[in-house]
Amino acid sequence: MKKLVVNGLLTLSLTAGIVALPVDAPAKVHAANIQTTQAQVQPTEYYESIYFNYYQLRREHLWVPINDAKLTVPFTRNYNFYIKQWTTDNTNINAVRYQIVSETGGYSPVIDIEGNGKHDRSVTLTPGKYRVEARTYHNSPVEIIGELFPS
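Residues numbered from 1 in each chain as written. Predicted model: local features only at pLDDT ≥ 70, side-chain atom pairs only at ≥ 80, totals over all residues. Heavy atoms only, no water.

## Observations regarding the environment of Glu103
Mapped onto the elements, Glu103 comes out in the loop between strand 5 (96-102) and strand 6 (110-113). Glu103 gets classed as partly exposed once you look at its relative accessible area, which sits at 30%. The spacing of Glu103 and Lys129 is 26 residues in sequence and 5.4 Å in space, taken between C-alpha atoms. Polar side-chain contacts of Glu103 include one of 3.5 Å to the side chain of Lys70. (Helix = DSSP H or I, 4+ residues; strand = E, 2+ residues; numbered from the N terminus. Buried < 20%, exposed > 50% of the residue type's maximum accessible area, 1.4 Å probe, protein only. Polar contact = N/O pair within 3.5 Å; in protein donor to acceptor, adjacent residues only side chain to side chain.)

Set out below in structure tokens:
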């Protein structure tokens, strides 16, 4: 009988200890760990170099932001603007106009590129935040792949 009472008290005390813990305490701890981890791996909105592409750029689109990629320039420096462009019907491209648009009110250089294939231009950017936009003057759709990175 003593053994049964001791076991009963032991079971009761363990159960009471478990019940005394808040039910959502482990969930809160786990959620806090996940939020901390997620905050550490959140991507930055702006980058030091960007890669972009656009398929089926058409004459009627006027100015089109290429992707959501944005560039941060910490100080005045030279950048390589690398473009590979071609048409869907293999006709030679008259011109595609690219603009590296300053979102902070600085100078926004414009680059005109004619012809299919790979093209490389150099541009100097002042401190600020930038995005790339494009416009084609060609009759058939143009495919674009490009990069903007420090020289």
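## A closer look at the side chain of His119
Relative to the elements of secondary structure, His119 occurs in strand 7 (residues 117-125). For His119, a relative accessible area of 12% translates into the label buried. Setting aside chain neighbours within four positions, we find His119 in contact with Phe81, Tyr82, Ile83, Gln85, Ile113 and Glu114. (Contact = heavy atoms within 4.5 Å.)

## What to know about the pairing of strand 4 (residues 77-87)
Pairing of strand 4 with strand 7, which is carried by 9 bridges, proceeds in the antiparallel orientation. Of the residues in strand 7, the one forming a bridge with Tyr82 is Asp120. Taken together, the 9 bridges between strand 4 and strand 9 (residues 142-150) define a ladder with antiparallel strand orientation. Its bridge partner lying in strand 9, Lys84 is registered against Ile145. (Pairing = 2+ DSSP bridges.)

## Remarks on the nonpolar core
Residues Phe81, Tyr98, Leu125 and Leu148 are the most contacted members of the largest nonpolar core, which totals 25 residues. When contributions to this core are tallied by element, the ones reaching two or more residues are strand 2 (50-57), strand 3 (64-73), strand 4, strand 5, strand 6, strand 7, strand 8 (128-136) and strand 9. Of all the elements, strand 3 adds the most residues to this core, at 5 residues. Discounting chain neighbours no more than four positions away, the residues touching Leu125 are Leu71, Val73, Phe75, Thr76, Arg77, Tyr79, Ile100, Pro109, Tyr130 and Leu148. (Core = buried A, V, L, I, M, F, W, Y, C linked by side-chain atoms within 4.5 Å.)

## Details of the packing of aromatic side chains
Taken as a whole and judged by the stated rule, the model has 2 aromatic pairs. With a centroid separation of 5.4 Å and 65° between ring planes, the pair formed by Phe81 and Tyr98 is classed as edge-to-face. One end of the pair, Phe81, is in strand 4; the other, Tyr98, is in strand 5, with 17 residues separating them in the sequence. Across the pair, Tyr98 and Phe81 agree in class, each one buried. One aromatic cluster is present, formed by Phe52, Phe81 and Tyr98 through successive ring pairs. Over the ring of Trp86 we find Lys84; its NZ or CZ atom is 5.6 Å from the centre of that ring. (Phe/Tyr/Trp six-rings, centres within 6.5 Å; stacked < 30°, edge-to-face > 60°. Lys NZ or Arg CZ within 6 Å of the ring centre and 35° of its normal.)

## What to know about the sheet that holds strand 2
Taking strand neighbours across the sheet as the criterion, the 4 strands line up as 2-9-4-7 in an open arrangement whose pairing is antiparallel. Each of the sheet's edge strands pairs with one partner strand only, and the pair in question is strand 2 and strand 7. Here the average twist between neighbouring strands, direction ignored, is 20°. (Axes fitted to C-alpha atoms, helices over the stretch in contact; angles between N-to-C directions.)

## Re unusual backbone geometry
We note that Gln56 has phi near 70°; this positive angle belongs to a residue other than glycine. By the element assignment, Gln56 lies in strand 2. Phi is positive for Asn90, close to 65°, though the residue is something other than glycine. On the basis of relative accessible area, Asn90 is assigned to the exposed category, the value being 65%.

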